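As a plain string of letters, each chain reads:
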Amino acid sequence: MTTLPEDTRFQFLLVGAGRSGTSLLTALLDQHSQLAVGFEVGSIAYLRGRELEDEPQRLFAQRTGAFVDACLQAAAASDAALWGNKVTTEQLAGLNKHNLYHVPPLNILQAFFNEALAGVRVIYLLRDGRACIQSKLSRTQQSLEQACESWRYAVEVYEFLQSRPDTLFLRFEKLVANPEGELARVLDFLGLDFEPSIVSAKSTMHPGMPPAYRRQGIDPARGIDVDADHPCVPLIRDALQRAGYLPE
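Model, not experiment: these values are computed from the prediction.

**Description of the overall build of the protein chain**
In terms of regular secondary structure, the protein chain is built from 11 helices and 5 strands. What you see for the protein chain is a C-alpha radius of gyration of 18 Å, in line with the 18 Å of a compact globule of 248 residues. Expressed as lengths along the three principal axes of its C-alpha atoms, the size of the protein chain is roughly 45 × 45 × 35 Å. When the 248 residues of the protein chain are sorted by exposure, 52% land in the buried category. Counted over contacts in the protein chain with a minimum sequence separation of 6, partners at least 24 positions apart contribute 75%. Looking at the protein chain as shown, the accessible area adds up to about 11,300 Å², and 49% of this sits on carbon and sulfur atoms. Charge centroids of the protein chain, computed over 24 positive and 30 negative side chains, lie 4 Å from each other.

Structure below.
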């Protein structure tokens, strides 16, 4: 498996469930003068394995190594002081296929975050599962059960990262309500100064974002547009509670 060189500009990873605002966060940070952030570089190709022929005996090492190599190459090609990448927890879940072939199972999150990416700073963005799942259902063909299972896994990753050093946690709801304040937290975490220009209509129309995600400016109402009685609630109630979106 690839060992990260000490002088690489690949310094951070943005992580969150699909439809949790990771594309927005990536677009905003990519406007900073000292940052470049990849939109899922190598994640579908390698974490999900779409461009690899599976090697069952070393599937985790194969996929993770190819992903890290892609990140290192993109960072080396960048002129920015720091380079980062964003991935979704759905893409990260592709590594779990390794355990179809292995007993006892590998602790995938431990091996990925604490071994393969040891020293890489992680920024985790969480969004209320009711809004996240509704957004998935409106934009994809997946079932309610599939969308719920994906968000439950996002909470599992969130809980795992609670004990990891070099990790910062954000909430989508706070990001859209106070983008300047939350981005200042992120930049302080990365050792950089805040630049007001990163919060602009230009940022939210970033060409790296899928066209359906682009919009003029940041709408704080997106953080409070939650259906409290969404049909997903019975399927994710315990995860909502563990993530702090419902009382215990």
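**A word on the sheet that holds strand β4 (residues 121-126)**
Here we have 5 strands laid out as an open sheet, ordered β2-β3-β1-β4-β5, and parallel in their pairing. The open sheet has two edge strands with one neighbour each: β2 (35-39) and β5 (167-171). Along the sheet, successive strands turn relative to each other by an average axial angle of 20°, direction set aside. By the bridge criterion, 5 bridges tie β2 to strand β3 (residues 82-88) in an arrangement that is parallel. When the sheet's bridge partners are listed, Leu 35 is paired in β3 with Leu 82. Its contacts with the sheet place helix α3 (residues 59-77) against β1 (10-16) and β3, and it is angled at close to 145° to β3.

**Some words on the side chain of Arg 63**
Structurally, Arg 63 is set in helix α3. At 2.8 Å, the side chain of Arg 63 forms a polar contact with the backbone oxygen of Gly 94. Beyond its immediate stretch of four places on either side in the chain, Arg 63 contacts Tyr 46, Leu 47, Arg 48, Gly 49, Leu 52, Asp 54, Gly 94, Leu 95 and Lys 97.

**Brief notes about a negative patch on the surface**
Residues Asp 219, Asp 225, Asp 227 and Asp 229 make up a contiguous surface patch of negative charge. Positionally, Asp 227 belongs in the loop between α10 (201-204) and α11 (233-242).

**Looking at the packing of helix α6 (residues 129-139) against helix α7 (residues 144-161)**
Direction vectors running N to C along α6 and α7 enclose 135°, while the axes themselves pass 10 Å from each other. Taken as axis vectors, α6 and α7 run oblique relative to one another. Crossing hand, α6 versus α7: right-handed. For the pair α6 and α7, the contacting residues are Gly 129, Cys 132, Ile 133, Lys 136 and Leu 137 in the first and Leu 144, Ala 147, Cys 148, Ser 150 and Trp 151 in the second. By residue class, the composition of the contact of α6 with α7 is 7 nonpolar, 2 polar and 1 charged.

**Brief notes about the pattern of salt bridges**
Following the criterion strictly, the structure yields 10 salt bridges and no others. The shortest N-O distance in the salt bridge between Asp 238 and Arg 152 comes to 2.6 Å. Here Arg 152 lies in helix α7 and Asp 238 lies in helix α11, a separation of 86 residues in the sequence. One network of salt bridges, in which partners are shared, links Arg 152, Glu 159, Asp 238 and Arg 242.

**As for the packing of aromatic side chains**
Applying the stated criterion across every chain yields a total of 7 aromatic pairs. Arranged with centres 5.9 Å apart and planes meeting at 45°, the rings of Tyr 124 and Tyr 158 form a pair that is tilted. In this pair, Tyr 124 sits in strand β4 while Tyr 158 sits in helix α7, placing the two residues 34 residues apart along the sequence. Judged on exposure class, the residue Tyr 124 and its partner Tyr 158 are both buried. With 6.5 Å between their ring centres and 55° between their planes, Tyr 124 and Phe 169 make a pair best called tilted. Of the two residues, Tyr 124 is situated in strand β4 and Phe 169 in strand β5; the sequence distance between them amounts to 45 residues.

Reading guide: rules and limits
Every chain is numbered independently, its residues counted from 1 as its sequence is written. Side-chain atom pairs in this predicted model are given and counted only at pLDDT of 80 or more, local residue features only at pLDDT of at least 70, and totals for whole chains, interfaces and linings cover all residues. As a rule here, side-chain values come from all non-hydrogen atoms in the structure, and water together with hydrogens is ignored. Put simply, DSSP H or I for four residues or longer makes a helix, DSSP E for two residues or longer makes a strand, and each gets a number counted from the N terminus. In this treatment the radius of gyration is a C-alpha quantity, and the globule benchmark scales as 2.2 Å times the residue count to the 0.38 power. Burial classes follow relative accessibility: with a 1.4 Å probe on protein chains only, a residue under 20% of its type's maximum area counts as buried, one over 50% as exposed, and anything between as partly exposed. Any pair of residues with heavy atoms lying within 4.5 Å of one another is described as a contacting pair. To be clear on the numbers: accessible area is Shrake-Rupley with a 1.4 Å probe, and residue cover counts the displayed protein chains and nothing else. Neither His nor the chain termini are counted; the positive set is Lys and Arg, and the negative set is Asp and Glu. Charge coordinates come from a single atom per side chain, which is NZ of Lys, CZ of Arg, CG of Asp or CD of Glu. Between any two strands, pairing holds if DSSP finds at least two bridges. Lines fitted to C-alpha atoms define the axes here, with helix axes fitted over just the stretch in contact, and angles between the N-to-C directions of these axes take values from 0 to 180 degrees. Polar contact is the term for a pair of N or O atoms within 3.5 Å; when the atoms are in protein, one must be able to donate a hydrogen and the other to accept it, and sequence-neighboring residues count only if both atoms are side-chain atoms. Residues enter a patch when their relative accessible area is above 30% and they make no salt bridge; the linking distance is 9 Å between like charges and 5 Å between nonpolar side chains (Val, Leu, Ile, Met, Phe, Trp, Tyr). Between Lys or Arg on one side and Asp or Glu on the other, a salt bridge is scored when a side-chain nitrogen of the former is within 4 Å of a carboxyl oxygen of the latter. Oblique is the label for every angle not falling under 35 degrees (roughly parallel), over 145 degrees (roughly antiparallel), or within 65 to 115 degrees (roughly perpendicular). Crossings are sorted by hand: turned counterclockwise from the far helix by less than a right angle, the near helix makes the crossing left-handed, and turned clockwise it makes it right-handed. Only Asp, Glu, Lys and Arg are considered charged in this grouping, and only Ala, Val, Leu, Ile, Met, Phe, Trp, Tyr, Cys and Pro are considered nonpolar; every other residue, Gly among them, is considered polar. Whether two aromatic rings pair depends on their centres lying within 6.5 Å, for rings of Phe, Tyr and Trp, where Trp uses its six-membered ring; planes under 30 degrees apart make the pair stacked, over 60 edge-to-face, and the rest tilted.

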